Amino acid sequence: MHNLTYTRMLLEDDKDIPQLVKVFTLPEVAQYLSIADNYFHYVTNSENVYFFKVYENSRMIGSIHIEKHGAVLYMDILVFPEYQKRGLGTCIIKDIQHDIFGLSYEKIEVSIDERNTASLRLFKNAGFICTSKNDELIDFVYQR
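Note that the coordinates shown come from a computational prediction; the quantities given were computed from them, not determined experimentally. (Residues numbered from 1 in each chain as written. Predicted model: local features only at pLDDT ≥ 70, side-chain atom pairs only at ≥ 80, totals over all residues. Heavy atoms only, no water.)

Asker: Describe the side chain of Glu 56, with residues and values.
Answerer: With respect to the helices and strands, the residue Glu 56 is situated in strand β2 (residues 49-56). Filtering out sequence-adjacent residues up to four positions away, Glu 56 remains in contact with His 2, Asn 3, Leu 4, Ile 61 and Leu 88. (Helix = DSSP H or I, 4+ residues; strand = E, 2+ residues; numbered from the N terminus. Contact = heavy atoms within 4.5 Å.)

Asker: Account for the sheet that holds strand β1 (residues 4-8), naming residues and giving values.
Answerer: One open sheet holds the seven strands; their spatial order is β1-β2-β3-β4-β5-β7-β6, and the pairing between them is mixed. Each end of this open sheet is capped by a strand with a single partner; those strands are β1 and β6 (129-134). Strand after strand, the sheet turns through a mean of 30° between neighbouring axes, direction not considered. Looking at chain direction, β2 and strand β3 (residues 59-69) are connected through eight bridges and run antiparallel. Each bridged residue has a counterpart across the sheet, and for Tyr 50 the counterpart in β3 is Ile 66. Across the sheet, helix α1 (residues 17-24) touches β2, β3 and β4 (72-79), and the angle it forms with β3 is around 85°. Helix α5 (residues 117-125) contacts β4, β5 (107-113) and β7 (137-143) of the sheet and is inclined by roughly 160° relative to β5. (Pairing = 2+ DSSP bridges. Axes fitted to C-alpha atoms, helices over the stretch in contact; angles between N-to-C directions.)

Asker: I'd love a proper account of the pairing of β7, names of residues and values included.
Answerer: Counting buried positions along β7 gives five out of seven residues, so the element sits mostly inside the fold. Note: β5 against β7, seven bridges, orientation antiparallel. The partner of Ser 111 across the bridge, within β7, is Asp 139. Sheet topology note: the β6/β7 ladder contains five bridges and is antiparallel. Across the sheet, Cys 130 pairs through a bridge with Phe 140, a residue of β7. The turn joining β6 and β7, which pair antiparallel and follow one another in sequence, is formed by two residues; a positive phi near 50° is taken by Asp 135. (Buried < 20%, exposed > 50% of the residue type's maximum accessible area, 1.4 Å probe, protein only.)

Asker: Talk me through the packing of aromatic side chains; I want residue IDs and the actual numbers.
Answerer: Centre-to-centre distance and the angle between the planes together describe a pair of aromatic rings. If you walk through the whole model with that rule in mind, you get eight aromatic pairs. Centroid distance Tyr 6 to Phe 101: 5.3 Å. Interplanar angle 85°. Geometry classified as edge-to-face. Here the residue Tyr 6 occupies a position in strand β1, and Phe 101 occupies one in the loop between α4 (88-97) and β5, the gap between them amounting to 95 residues. Note on Tyr 6: relative accessible area 18%, which makes it buried. Between Tyr 39 and Phe 40, the ring centres sit 5.0 Å apart and the planes meet at 80°, which makes this aromatic pair edge-to-face. Assessed through its relative accessible area of 11%, Tyr 39 is described here as buried. Look at Phe 40 and you get buried, because its relative accessible area is 7%. Each member of the aromatic cluster is reached from another via a ring pair, and the members are Phe 24, Tyr 39, Phe 40 and Phe 51. A cation sits over an aromatic face here: Arg 144 above Tyr 105, 4.5 Å from the ring centre. (Phe/Tyr/Trp six-rings, centres within 6.5 Å; stacked < 30°, edge-to-face > 60°. Lys NZ or Arg CZ within 6 Å of the ring centre and 35° of its normal.)

In structure tokens:
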């Protein structure tokens, strides 16, 4: 079992931003997830927006972006490429499903690029149900 811990990013000048930007600009990440120039300002200064750094044994291995609207969570998770295919994404999703952040949700919604077969498989295996397809994005819902 993985020993994951989470730290919410609260400052737009967080010391880990250069490392995160580097990962988000990797071609294998940027094809599915992109961030704007003001992204870290947005996630640290917007109400009901949460950005968590994910650690395994004190090494940052990924991130989570959650936006809460009413009882619905919209989220993206990223496991850094060098840590993928180890079950970490599954653990992160299970932790969110178990509401470890205390966000009191009723459902979680995600949109996944149809080419991102690893993420499609990950969320299907975590109990998310496909609800619609718009252009290249497939929408999934997890109902509590």
